[in-house]
Protein chains: 2
Amino acid sequence: MSSSQSLQPHNFKDLLDSVEAFLFDCDGVIWKGDELIDGASQTLDMLRSKGKKLVFVTNNSWKSRTQYAEKFKSLGISVSPDEIFSSSFAAAMYLKVNNFPSQNKVYVIGGDGILDELQLAGFTAFGGPGDADKTIDWKQSGFFEHDKSVGAVVVGIDPKINYYKLQYGTLCIRENPGCLFIATNRDAVGHMTASQEWPGAGCMVAAMCGSTQKEPVVVGKPSTFMMDFLLEKFNLSCSKMCMVGDRLDTDILFGQNAGCKTLLVLSGCTTQSDLQDPSNNIQPDYYATKVSDMLDLSRA
Amino acid sequence: MSSSQSLQPHNFKDLLDSVEAFLFDCDGVIWKGDELIDGASQTLDMLRSKGKKLVFVTNNSWKSRTQYAEKFKSLGISVSPDEIFSSSFAAAMYLKVNNFPSQNKVYVIGGDGILDELQLAGFTAFGGPGDADKTIDWKQSGFFEHDKSVGAVVVGIDPKINYYKLQYGTLCIRENPGCLFIATNRDAVGHMTASQEWPGAGCMVAAMCGSTQKEPVVVGKPSTFMMDFLLEKFNLSCSKMCMVGDRLDTDILFGQNAGCKTLLVLSGCTTQSDLQDPSNNIQPDYYATKVSDMLDLSRA
């Protein structure tokens, strides 16, 4: 395993020359919570001005692609929904490419982003925010009903997680023959606010693994499921792409799994000492303090 | 691995002659939800009349030992709190034998049973039902405060699980140096009502593993932590005990781990085909349809 190089004038030039598309993670790379990371907008402008294609690959399933485009706009960055690949979209595309029967329903533990993307793809989905206030009752005479036509349970980050949803999803997976168990991603924690990390989708997904004793199909990073869509869209080989992210075990691993170049930025959840710790066995090609290091280097 | 024997007149006599204490699981063995299993009460009377010691070892942390004794009483069975070893009690005893500093606090994800046992043992505990209605807010300016003096997080079954509790416990484990992570048990599901299984403590424990990326100390079955207390109490060798339970991966494994004889009853979550499935590698010494098979055999 070779160790990572700090991004410098000479290797940045090599990177720019060899890469035609930059794939960006968002949280911890472009923004932290609702705050834009310093210089991110100008860096994206610089890369576009050099003819590079930009794609935003995010594990956060809370929003749909349209909602993500609105978030970019609110931060002063113009991005088309077509440039956004969220794990909510990935979950819908996974069902689509696997010919999920349209008469079957999808139960969602997660946010509106997943429900919206599933409905856009033509599926009938329920649960999510609609089950946020539901409670259970362990009355002996009671019976918890669930829909036998549910053929997939999609689990993403859910700040309104409750026992009702966990029981609903568990019954579908344990009792509906062939029911799929799909995780948008398994991030342990994420920067849901600028100053702190909070339990991520990995928490809700693990809860469902605990009760079902099954492992999910993961569609977000570091799974390369999304890469098939990117390849088709851009008609580029993976070696002409660079994945830029703040997490070793999702972003960088995703890039490496797909055969992309990889750039770690230290503006999110990974520090330089995490990167250089002997226990870390994921080494990106390059690392930089933040995306705008590329802007500085392009002016150097 | 030898396969299990069905309990019959000859081997039941051998079992009775060789065993001085019977350890019973409760759910699926003595009762299902709030319904007594047919013949359980008379079977316990018969064993007591033959001079056998009885102990009830339950992974359900929802109740304290006193609350369990009340449940037995409500079902017409007289049991002393001293005969009950619940995983709520085990969690408190784990802290006690490990000299947990009394100035440190314990955060609880679970029920009053855990809080009661911790307080009886002299510890300061909070969380649990008191945090059932708390919500979180991902406002950018907000900050989720947690008590830096929390030195242990105890996780058990929690039908009021929510994101607030998950974030609280996660911050304690990730940010308070040396904070212990204790699981009452990891049962995937349990018969919280007579007709259906519901997510068990394994669901909440897994959620915390997902967000903390740490593994807990498990104090309930199949961990043999409780066995030290039983040995001290009865001054018996484990080979003179028989563990009676309905779960292979907790009850029977617990008995085997401790060197007890083991009797599986098919009145709970395990069927005869589960037992005899080639994928099952946990074989009890004996199996019976329900505890009252012992009563029938004693009369034969």
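Residues numbered from 1 in each chain as written. Chains lettered and ligands numbered in written order. Predicted model: local features only at pLDDT ≥ 70, side-chain atom pairs only at ≥ 80, totals over all residues. Heavy atoms only, no water.

Caption draft 1: The arrangement of the nonpolar core in detail. Core analysis: the largest hydrophobic core is formed by 57 residues, its most contacted members being Val153(A), Tyr163(A) and Val153(B). Setting aside chain neighbours within four positions, we find Val153(A) in contact with Tyr107(A), Gly169(A), Cys172(A), Ile173(A), Cys179(A), Leu180(A), Phe181(A), Ile182(A) and Met208(A). (Core = buried A, V, L, I, M, F, W, Y, C linked by side-chain atoms within 4.5 Å. Buried < 20%, exposed > 50% of the residue type's maximum accessible area, 1.4 Å probe, protein only. Contact = heavy atoms within 4.5 Å.)

Caption draft 2: Looking closely at unusual backbone geometry. Residue Pro222(A) is bonded to the preceding Lys221(A) through a cis peptide linkage, with omega at 5°. For Pro222(A), the location among the structural elements is in the loop between β13 (217–218) and α8 (227–234). Despite not being glycine, Asn99(B) shows a phi value in the positive range, around 50°. For Asn99(B), a relative accessible area of 65% translates into the label exposed. Backbone geometry places Gln213(B), a non-glycine residue, at a positive phi of 55°. Among the structural elements, Gln213(B) can be located in the loop between α7 (201–212) and β13 (217–218). We classify Gln213(B) as exposed; its relative accessible area is 58%. (Helix = DSSP H or I, 4+ residues; strand = E, 2+ residues; numbered from the N terminus.)

Caption draft 3: Molecular detail of the side chain of Asp25(A). Residue and element names in this part refer to chain A. Summarising the element assignment, Asp25 is placed in the loop between β2 (21–24) and β3 (31–32). The buried category is assigned to Asp25, whose relative accessible area is 6%. Once residues lying within four places of it in the same chain are set aside, the contact partners of Asp25 are Ile30, Val57, Thr58, Lys221, Met243, Val244, Gly245, Asp246 and Asp251.

Caption draft 4: How the structure looks around the UniProt feature "binding site: substrate" (unreviewed entry) in chain A. Residue and element names in this part refer to chain A. According to UniProt, the "binding site: substrate" (unreviewed entry) feature falls on Lys221. Given a relative accessible area of 2%, Lys221 falls into the buried group. With sequence-adjacent residues up to four places away left out, Lys221 is seen in contact with Asp25, Val57, Thr58, Asn59, Asn185, Met243, Thr250, Asp251 and Phe254. (UniProt positions renumbered as here; feature names shortened; annotations may be inferred.)

Caption draft 5: Spatial organisation of the UniProt feature "active site" (unreviewed entry) in chain A. When the UniProt feature table is mapped onto this chain, "active site" (unreviewed entry) is found at Asp25(A) and Asp27(A). With respect to the helices and strands, Asp27(A) occurs in the loop between β2 and β3.

Caption draft 6: Local environment of the relation of the copies chain A and chain B. When chain A is fitted to chain B, the residual RMSD is 0.0 Å, and the transformation amounts to a turn of 180° plus an axial shift of 0.0 Å. Classification of the inter-copy transformation places it as that of a two-fold axis. No C-alpha of chain A lies nearer the rotation axis than that of Ala207(A), which sits 2.1 Å from it. A shared binding surface is used by both copies, with 100% of the interface residues of chain A retained as interface residues in chain B. (Least-squares fit on C-alpha atoms with pLDDT ≥ 70 in both.)

Caption draft 7: Summary view of the interface of chain A and chain B. The interface of chain A with chain B comprises 41 residues on the first partner and 41 residues on the second. Of all residues in chain A, Trp138(A), Gln140(A) and Tyr163(A) give up the largest surface area on contact with chain B, accounting jointly for 21% of the area buried on that side. Connecting chain A to chain B are two salt bridges. Put simply, Glu197(B) and Arg174(A) hold a salt bridge, and the shortest N to O gap is 2.9 Å. Of all the elements in the fold, those that place two or more residues in the side of chain A that touches chain B are α6 (163–175), β12 (198–199) and α7 (201–212) of chain A. Examining the composition of the side of chain A that touches chain B, we find that seven residues originate from one element, α7(A), more than from any other. (Buried area = accessible area lost by both parts, 1.4 Å probe. Salt bridge = Lys/Arg side-chain N within 4 Å of Asp/Glu carboxyl O.)

Caption draft 8: View of the sheet that holds strand β2 (residues 21–24) of chain B. Residues and elements named next belong to chain B. Sheet architecture is open: seven strands sit in the order β1-β16-β15-β14-β2-β5-β6, paired in parallel fashion. Since the sheet does not close on itself, it has two edges, and those belong to β1 (5–6) and β6 (84–86), each with one partner. Relative to β6, helix α3 (residues 65–74) is tilted by about 125°, and along the sheet it contacts β5 (53–58) and β6. Helix α8 (residues 225–234) rests against β2, β5, β6 and β14 (241–245) of the sheet, and its axis sits at about 165° to β6. (Pairing = 2+ DSSP bridges. Axes fitted to C-alpha atoms, helices over the stretch in contact; angles between N-to-C directions.)

Caption draft 9: Examining α8(A) more closely. All names here are of chain A. Where α8 is concerned, the buried positions are Met227, Phe229, Leu230 and Phe234. The buried residues of α8 occupy one face: seen down the axis, they fall within an arc of 155°. The inward-facing, buried residues of α8 abut β2, β5 (53–58), β6 (84–86), α4 (87–97), β14 (241–245) and α9 (248–258). Once α8 finishes, Asn235 follows within two positions and takes phi at roughly 50°, a positive value. (Arc of directions from axis to C-beta.)

Caption draft 10: Representation of the pairing of β2(B) in the model. All names here are of chain B. Side chains of β2 alternate between two faces, with Ala21 and Leu23 and Phe22 and Phe24 buried alike. Sheet topology note: the β2/β5 ladder contains four bridges and is parallel. Bridge pairing links Phe24 to Phe56 in β5. Sheet analysis places β2 next to β14, joined by four bridges and oriented parallel. When the bridges of β14 are listed, Phe24 appears paired with Val244.

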